[in-house]
Every structure is written in C-alpha cells, then in structure tokens.
Amino acid sequence: MNSSFPTAGLDRRAFFRGSALAAFAILGTGSLAACSSAVGEQRSDAGESVEPVRGGTLTLAIPDDVSPSALLTSTTIAGTTISGLVFETLTRYPIDSVVPQPLLAKDWKLSDDGLTLTLNLRDDVTFHTGRPFTSADAEFSLRTYADPKFSAQLRSTAAAITGYDSSDPKKLVLTLAHRTGNIFDLLDLAPIFDSETFDKAVSGESFIGTGPFVFASRTPNSSISFDRNPNYWVAERPFLDRVEARIVPDSQARLTSLKSGQVALVAPGSLTFRDSQTVGKTSGFATSALDGAELQTYLGANVTAEGLTDVRTRKAVAYAIDRDRIMSEVYRDAGYAVNLPWPKSSPAYDAAKNSTYTRDVAKARSLVSEVGTLPTIPLTYTGASPDFEAAAQIVQANLAEAGIRVELDPVEATIFFKQLIGAEFKGLWLTSHTFAQYVPSTLTVSAYPFNAAHNASKFSSPAYSAAADSAWQVPDGSSDAAKKLYADLGTQLLEELFLIEIGVVVPQVSAASTVHDLAWTKGRQPQFANTFLA
C-alpha cells in the first residue's frame, strides 16, 4: 500500500519539542497538491495511472442509515460517510502520523505555557448555504462537541476548552484548563457545523457543511445522496458530479451489489475480510488496506456482572482466547494479535507486554477452578457484522474448553451501541474500538470502553484515573515521560482486564477498477475531492 502523503519531515517529538507550537505548513490557495498535503489521505488506485475525468456518479454501499448523534459518536459508517463528504475539520492528520496539517485552520500557535491555542482560519470558505465560515462557527461546533447530550467520545477533550475568543471572524483563540496533549485529535475529528442549521443535522433532515459535496437527499433506510459543491474552496474540485450511498444491511448483498456493478465501492469494514480478499483477486476490482486507520477487536467485561466480578475469571478468559486463530480465520491475517490497545505505530506499543496473555488452556482452567462454579455468561455482539459473529463463535468455543459457559447474544447495531454508550451489557461483549491510532492518551480519557471517568465495563480505579489524566496532560505524546505513563496504563489494563484485547485489525476497502484516487482519513472518513471515474 502507498500513501499520498510522504513521511513527515518532522516527527512528533520534533513537532512538539519546547513549549511553543506552530503549524509547519500552510495550506495554499486551492491547488490539488495543497489539498492532498492537508488531508494526508490513504489512496487506493484500482487501475493504471490515468488522467482525472470530470463528472459521473460514484455509488457505494454502506450497512446502516444515519442516526441523530452519529456525526459526533463515530459509531456508524453512515455517520463517517456524511462527515467525510459534507463536513470538514479545523486540522487534519495524515493517515500515517499524528502531526496535524492545516485544513479550515491555516496555521496556529500554542502559548509557552500550553494553555492558549490561537488558530488562524481560512478566509475563502463558505458553507453550502453561501454563508461565510467564521470563528463563531468553529466555537459553536467545539462547544457542541462538549455537550453531554451528544455523548461524543472526545467530549472530555472538548470540555477542557474553558475559554473562547471568536471576536475576530478569522481567528479563534482557545483557552485550555490544563495542558492537553491530544487537543489536535479533537480538532481532527470534530466536524465544523453551520450553526444556523445544526438542528436539521441532528434530526437527520439536512446536513450543511463546507466540504466538497452538498447533501442532496435522504430516503430513510434506502439511500443518501450528495451533489458536487460548485463553490468548494479548493479550485476545480471535486471531479465527481454526485455520490450516492446505498444502504445495504446484509454483507452478502453488499458483495453481490459490488460484483454485479450496482455499486462501484463498498465502504471500509462493510465486507468480511474473506470476501474483501476474494474481490481483490478478481479481475476488474481491487482491495486496499487502510494502514494508519486501524481498529482493535476486543472483549469487554462488565466487572459488576455475576461471574465477572473476580479478576481471576477475566484472566482465565484472557488465557483461553485463541487470538492467533481469530486473526487468521476471521481477519485473514490483516493485522496481528495484541494484549494492549495500541498498534505498532503508536508510542504506547509495548512488545513485551503484548505477550502477557497467550493461549494457555491449562492455566485458564486452573483459574476457573480457583473461582468455583460460574454462571452462564452472555456474550453480546452486533449481528450486523459477520466478522464479529465468527469471532464470537471462536471465543465461545475457547471459553468452553476452559470451563466457562458463554451464551451468544447477537443484537442489532443500534441496540449494541446504546448498550455500549450506556454501560448496559449483561456480561461480556465483543466489538472493535478505534482512536488507538491517534494520540495514545485519547483512549483512556475519551473512548467509551476505556474512559477512566465512565466506561462500558463500570470499572473505576483511582490509580487508573490518575494515570489517564497524567498521560493526557503531557504535551508531547511521544516523549519518554509520556511513554512511562502509557506503560503504567498498560500494566493496569493487564492487571484489571476489564477489557481483553484480541488483535489490531487493518480495515479493507474494495472497489471497481473504474474508481480512481480513493482516499480516507485516520477515522475512515471518505475524502473524495480528488476521486474520479474512468
């Protein structure tokens, strides 16, 4: 796989060194090169290099429809699709690093004490209504992200912004409660909304942003359509006239739609890994890996549920799981087994700690015998994903070998995410988490499974909370000080096991060879300004 964005000339240590921070690149006046550098996308060309062609409709299959809060929770593919096409953010990471690049903010500076971030905004951007984008809109969007009613996963980071100065329409000054090492994670992920039409966005009626495509129409549970933004601030973009996202809930139906030509693209993670690999070997199609946009498959445990309150049971589960089999059979080796939640590219990755729990059925049985008789434990997963179903079946068989009875509990995706956000699981659950590919501290202060203040496992620990807060407030997330705190967090995660990691998974995307210059963000949001059909 290749990336349109070359290896950054500045690594994170160099970028954050010292107490002042300034953007090292400024987005140009709308050239193609400037747009590519700012977005730093992952590209997947299905065919030979060809000249861009204007016009046409790109059809893609997605598994779900948009839900009212999807634009803020990153829990649905419909939500990430809309975010990527319609909305933009203040800054944007390249897919292969966490060095922020300009987008709606053209440059910025962090004060010496790390408590004031000044962002200079582009002056040539308008919303799809024609109204100019201003600092007031950026303030509104970040304040909205911090609103508890929307349950945004980076809400704690947004809430760390205690002061706003948007008196200059093209400058936003943020005051932070404390040093916040992942502030650019927030600026990369928080969509900039049109404050005048936001109520229509949360109702699913309309979506108004500054992005390359304009929301055209939505037929609930059928399709969502987008037209080319004729006034996009990047000159001559996008190439496509239209994007049509067709909602196809069944994985096999999505595969059939792609192979029959009904759609030209299936959204990342919407086919089984086996099917994605098969498509990639079929003439006229290609499958690409989104390196840098990893997911982590894991088992969560409600530590207050009967049978899971004793950490020895959770350790037995950790020893019983056949991670290598799951990664091989379910994910077709598109990743690797882990015990900790961070990928190899992360400064928090620890090879030694990732070998703490390897498959040892005898040890698992011994721990179960120490605990005594266990009840049958529910294992919840979303039945909308065949990969989760296959992984859950392997886990069920693995735990049975260790003397732990598990009852599979497949539920619809909407119910699953309600249980995840509300900490309503009855026992174990299996799914994937994201954000590990961002600044490492983001997981433990923001993500639903890990959040030290409130998580889906109902786990709390003063030591874990203190380590999470300390790691969060280190300004350089790749420094030795930060790595020590990540090590402390890793030790606690392995000792408490309220989350039991299975493996890092690299998402796959499959498309027809007629589709060129596909691109995605670290958060798997489509970036189709440069995409064309030929």
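All figures in this text were calculated on a predicted structure; none of them were measured in a lab. (Residues numbered from 1 in each chain as written. Predicted model: local features only at pLDDT ≥ 70, side-chain atom pairs only at ≥ 80, totals over all residues. Heavy atoms only, no water.)

J.: Explain the overall build of the protein to me, please; I cannot follow it from the model alone.
T.: A tally of regular secondary structure across the protein gives 18 helices and 24 strands. Taken against the 2.2 N^0.38 rule, which gives 24 Å for 534 residues, the C-alpha radius of gyration of the protein at 23 Å falls within 12% of a compact globule. Across its three principal directions, the C-alpha atoms of the protein cover 65 × 60 × 40 Å. Expressed as a percentage of its 534 residues, the buried residues of the protein come to 59%. (Helix = DSSP H or I, 4+ residues; strand = E, 2+ residues; numbered from the N terminus. Rg over C-alpha atoms; globule rule 2.2 N^0.38 Å. Buried < 20%, exposed > 50% of the residue type's maximum accessible area, 1.4 Å probe, protein only.)

J.: Help me understand the packing of helix α12 (residues 323-330) against helix α14 (residues 386-401), please; the structure alone is not making it clear to me.
T.: Angle between the axes and distance between the axes are the two parameters that describe a pair of packed helices. Where α12 meets α14, the axes come as close as 10 Å, and the angle between the chain directions of the two elements is 150 degrees. Accordingly, the angle class assigned to the pair α12 and α14 is roughly antiparallel. The way α12 lies across α14 gives a crossing that is right-handed. Facing R325, I326, E329 and V330 of α12, the residues of α14 in contact are D387, A390, A391, I394, V395 and N398. (Axes fitted to C-alpha atoms, helices over the stretch in contact; angles between N-to-C directions. Parallel < 35°, antiparallel > 145°, perpendicular 65-115°, else oblique. Left-handed = near helix turned anticlockwise from the far one by under 90°. Contact = heavy atoms within 4.5 Å.)

J.: Explanation requested: α14 in the structure shown.
T.: Given 3.6 residues per turn, any residue in an α-helix points the same way as the ones three and four places further on. Taking 1.5 Å of rise per residue, 16 residues should cover 22 Å, and α14 covers 23 Å from first to last C-alpha, within 8% of that figure. Those residues of α14 lying buried are D387, F388, A391, A392, I394, V395, N398 and L399. Looking down the long axis of α14, one finds its buried residues gathered within 165 degrees of arc, a one-sided arrangement. Phi turns positive, to about 90 degrees, at G403, one or two residues after α14. (Expected span 1.5 Å × (residues − 1). Arc of directions from axis to C-beta.)

J.: I'm lost on the pairing of strand β17 (residues 377-382) in this one. Help?
T.: Successive residues of a regular strand alternate their side chains across the two faces of the sheet. Counted residue by residue, β17 has 5 buried out of 6 residues, so it is predominantly covered. Pairing of β17 with strand β18 (residues 406-411) involves 6 bridges; the strand directions are parallel. Within β18, the residue paired with T380 across the bridge is D409. For the crossover from β17 across α14 to β18, the handedness is right-handed. Pairing between β17 and strand β19 (residues 428-433): 2 bridges, direction parallel. Along β19, the bridge assignment pairs L379 with L428. (Pairing = 2+ DSSP bridges. Right-handed = clockwise from strand over helix to strand, strands pointing away.)

J.: What exactly am I supposed to notice about unusual backbone geometry here?
T.: Residues R237 and P238 are joined by a peptide bond in cis, for which omega reads -5 degrees. Relative to the assigned elements, P238 resides in the loop between β11 (223-228) and β12 (242-247). With phi around 60 degrees, N221 is a residue other than glycine that occupies positive phi space. For N221, a relative accessible area of 60% puts it in the exposed group. Of note, A423 is a non-glycine position whose phi angle comes to about 55 degrees, a positive value. The residue A423 is located in the loop between α15 (413-422) and β19 in this model.

J.: Is there a simple way to explain the packing of aromatic side chains in this structure?
T.: In this description, a pair of aromatic rings is defined by centroid distance and the angle of the planes. Scanning the entire structure with this criterion turns up 23 aromatic pairs. Ring geometry for F127 and F133: centres 6.3 Å apart, planes at 75 degrees, overall edge-to-face. When its relative accessible area of 2% is taken as the criterion, F127 is described as buried. Between F425 and W429, the ring centres sit 4.5 Å apart and the planes meet at 15 degrees, which makes this aromatic pair stacked. The exposure classification of F425 matches that of W429, with both residues buried. (Phe/Tyr/Trp six-rings, centres within 6.5 Å; stacked < 30°, edge-to-face > 60°.)

J.: Looking at this structure, I do not really get the packing of helix α11 (residues 311-320) against helix α13 (residues 361-371). What am I missing?
T.: Where α11 contacts α13, the two axes come as close as 8 Å, and the packing angle between them is 160 degrees. One element, α11, and the other, α13, form an angle in the roughly antiparallel class. In terms of crossing hand, the pair formed by α11 and α13 is left-handed. Of α13, the residues touching α11 (which contributes R312, T313, K315, A316, Y319 and A320) are K363, A364, L367, V368, E370 and V371. Along the lines of polarity and charge, the residues of the contact of α11 with α13 split into 7 nonpolar, 1 polar and 4 charged. (Nonpolar A, V, L, I, M, F, W, Y, C, P; charged D, E, K, R; others polar.)

J.: Would you explain helix α5 (residues 135-145) in this entry?
T.: The element α5 is extensively covered by neighbouring structure, given that 8 of its 11 residues are classed as buried. Here α5 has its buried residues at S135, D137, A138, E139, S141, L142, T144 and Y145.

J.: Looking at this model, I keep getting lost on the nonpolar core. Mind explaining?
T.: Soluble globular proteins: nonpolar side chains tend toward being buried together. Ranked by internal contacts, the top residues of the largest apolar core, which has 161 residues, are L90, L142 and F226. Not counting the four nearest positions on each side in its chain, L90 is found in contact with P102, L103, L104, A105, L121, F133, A138, L142, L187 and I192. (Core = buried A, V, L, I, M, F, W, Y, C linked by side-chain atoms within 4.5 Å.)

J.: Would you mind going over the environment of A146 with me for this structure?
T.: By the element assignment, A146 lies in the loop between α5 and α6 (155-159). In this structure, A146 is in contact with R155, A158 and A159, ignoring residues within four places of it in sequence.

J.: Before we go on, may I ask you to explain the sheet that holds β17 in this structure?
T.: In sheet architecture, strand pairing relies on hydrogen bonds along the backbone and comes in two forms, parallel and antiparallel. Taken in spatial order, the 6 strands make up an open sheet running β16-β20-β15-β19-β17-β18, and their pairing is mixed. Each edge of the open sheet is held by one strand with a lone partner, namely β16 (335-337) and β18. Averaged over neighbouring strand pairs, the angle between their axes works out to 25 degrees when direction is ignored. The strands that α12 touches are β16 and β20 (499-505); relative to β20, the one it contacts most, it runs at about 35 degrees. α14 rests against β15 (295-301), β17, β18, β19 and β20 of the sheet, and its axis sits at about 135 degrees to β19.

J.: How should the sheet that holds strand β10 (residues 213-219) be read in this particular structure?
T.: Here 7 strands make up an open sheet; going across it, the order is β10-β11-β12-β3-β13-β21-β14 and the pairing mixed. In this open sheet, the two strands that pair with only one neighbour each are β10 and β14 (285-289). In terms of strand pairing, β10 meets β11 through 6 bridges, oriented antiparallel. Looking at β11, one finds that R218 is bridged to I224.

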